[in-house]
Amino acid sequence: MANPKIVILGGGFGGVRAALDLSQKLPAATIILVDKNSYHSYYPDMYELSSVVFPGGSRPLGRKDFLAVKSTLAIPFKDIFSGRENVEVKEDAVLGVEPKKNEVILSSGLLGYDFLIIALGSETNFFGIPHLGEKSQEFKSASDALNLRSALEELFLSRGKLEVMSVMIGGGGFTGTELAGELAFALPKLAKSHGHPAENVRLIL
């Protein structure tokens, strides 16, 4: 096929890498990457957004502070594919696939393809642990990281100054371990900024 239309579902590491490689190796192809966001989330550094503090808690964190960190984690697709004229990014939600018709069902309508690459990633798995899903904060996106940071602030604001508090991380993979390491550094500073003794905050992985 001289000018194939290649549709890639998902703008994570797999989808982005596939689009970049195919763009170079198949310059005559039309490559369409579909993602619900306009940016690629760089997960290895996601923990930085939820635990960002300034030394000694010298001043409250503002919206600009968080957005500055978020900009290093949420990389716009337009920057990634700058100069790749045969790559188009479509911000849309994937509802399904019709393989017999070579069509993807998007929230905006149908999208035909010659070749389809599915790289949609994963969802948080709670492994059937009772109440874990309803009692915890997910950690899969920049928005989740911001929500987690906000939840930690609310924890200190809602508890007594001498009350013992526990922060538990469910999952000891790369993300959980990195987050635990960062929070071990950040929580004492956050506690101090709210007038809580650091020794009253427990971190459990």
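How each quantity is defined
Residues numbered from 1 in each chain as written. Predicted model: local features only at pLDDT ≥ 70, side-chain atom pairs only at ≥ 80, totals over all residues. Heavy atoms only, no water. Helix = DSSP H or I, 4+ residues; strand = E, 2+ residues; numbered from the N terminus. Buried < 20%, exposed > 50% of the residue type's maximum accessible area, 1.4 Å probe, protein only. Contact = heavy atoms within 4.5 Å. Areas by Shrake-Rupley, 256 points an atom, 1.4 Å probe, with all protein chains shown as cover. Pairing = 2+ DSSP bridges. Axes fitted to C-alpha atoms, helices over the stretch in contact; angles between N-to-C directions. Patch = residues over 30% accessible without salt bridge, like charges linked within 9 Å, V, L, I, M, F, W, Y side chains within 5 Å. Salt bridge = Lys/Arg side-chain N within 4 Å of Asp/Glu carboxyl O. Expected span 1.5 Å × (residues − 1). Bend = angle between axes of the 7 residues up to and from the residue. Right-handed = clockwise from strand over helix to strand, strands pointing away. Core = buried A, V, L, I, M, F, W, Y, C linked by side-chain atoms within 4.5 Å.

Caption draft 1: Expanded view of the overall build of the chain. In terms of helices and strands, the chain carries seven helices and 11 strands. Put simply, the chain has 205 residues, and 34% of those count as buried. Summarising the internal contacts of the chain: among those between residues at least 6 apart in sequence, 67% fall at separations of at least 24. Working note: accessible area of the chain is about 12200 Å², and carbon and sulfur atoms make up 54% of it.

Caption draft 2: Molecular detail of the sheet that holds strand β5 (residues 87-91). Spatially, four strands are ordered β5-β2-β1-β9 in an open sheet, and the strand pairing comes out parallel. With partners counted over all chains shown, the strands left at the sheet margins are β5 and β9 (115-118), one partner each. Averaged over all pairs of adjacent strands, the angle between strand axes in this sheet comes to 20 degrees, irrespective of strand direction. Bridge count between strand β1 (residues 5-9) and strand β2 (residues 30-35): five bridges; the pairing is parallel. Its bridge partner lying in β2, Ile6 is registered against Ile31. Relative to the sheet, helix α1 (residues 13-25) contacts β1, β2, β5 and β9, its axis offset from that of β2 by approximately 170 degrees.

Caption draft 3: Fine view of a nonpolar patch on the surface. A grouping of Phe13, Tyr42 and Tyr43 is seen on the molecular surface, where their side chains present a nonpolar patch of about 290 Å² in accessible area. If you trace the backbone, Tyr43 turns up in the loop between β3 (39-41) and α2 (47-51).

Caption draft 4: Examining the sheet that holds strand β6 (residues 94-98) more closely. Within the open sheet, the three strands sit side by side as β6-β7-β8. Their pairing is antiparallel. Of all strands in the sheet, those with a lone pairing partner are β6 and β8 (109-112), marking the two edges. Shown here is a sheet whose adjacent strand axes are inclined to one another by a mean of 25 degrees, direction ignored. Where β6 lies against strand β7 (residues 103-106), four bridges are found, and the strand directions are antiparallel.

Caption draft 5: Layout of α1. The terminal C-alpha atoms of α1, which comprises 13 residues, lie 18 Å apart, in line with the 18 Å expected from a rise of 1.5 Å per residue. Among all positions of α1, only Gly15, Val16, Ala18, Ala19, Leu20 and Ser23 are buried.

Caption draft 6: Fine view of unusual backbone geometry. If you check the backbone angles, Asn102 has positive phi at about 55 degrees while not being a glycine. Inspection of the secondary structure puts Asn102 in the loop between β6 and β7. Within the chain, His131 stands out as a residue other than glycine whose phi angle is a positive 70 degrees. Looking at the element boundaries, His131 is found in the loop between β9 and α5 (132-135). When its relative accessible area of 51% is taken as the criterion, His131 is described as exposed.

Caption draft 7: Molecular detail of helix α7 (residues 174-193). The end-to-end C-alpha distance of α7, which contains 20 residues, comes to 28 Å, matching closely the 28 Å that a straight helix rising 1.5 Å per residue would cover. At Leu183, α7 shows its largest bend, some 35 degrees. For α7, the complete set of buried residues consists of Gly176, Leu179, Ala180, Leu183, Ala186, Leu187, Leu190 and Ala191. At the exit of α7 stands Gly195, carrying a positive phi of roughly 75 degrees.

Caption draft 8: Layout of the pairing of strand β10 (residues 165-168). Side chains Met165 and Val167 project from β10 onto a buried face, and the interleaved Ser166 and Met168 project onto a face without burial. For the crossover that starts at β10, traverses α7 and ends in the parallel strand β11 (residues 201-204), the hand is right-handed.

Caption draft 9: Highlighting the nonpolar core. Of all hydrophobic cores here, the largest spans 20 residues; its most connected members are Phe139, Phe156, Leu179, Leu183 and Leu187. When near neighbours in sequence (up to four residues on either side) are disregarded, Leu187 contacts Leu152, Phe156, Val167, Val201 and Leu203. With 12 residues, the next largest nonpolar core counts Ile6, Ala18, Ile31 and Phe77 among its residues.

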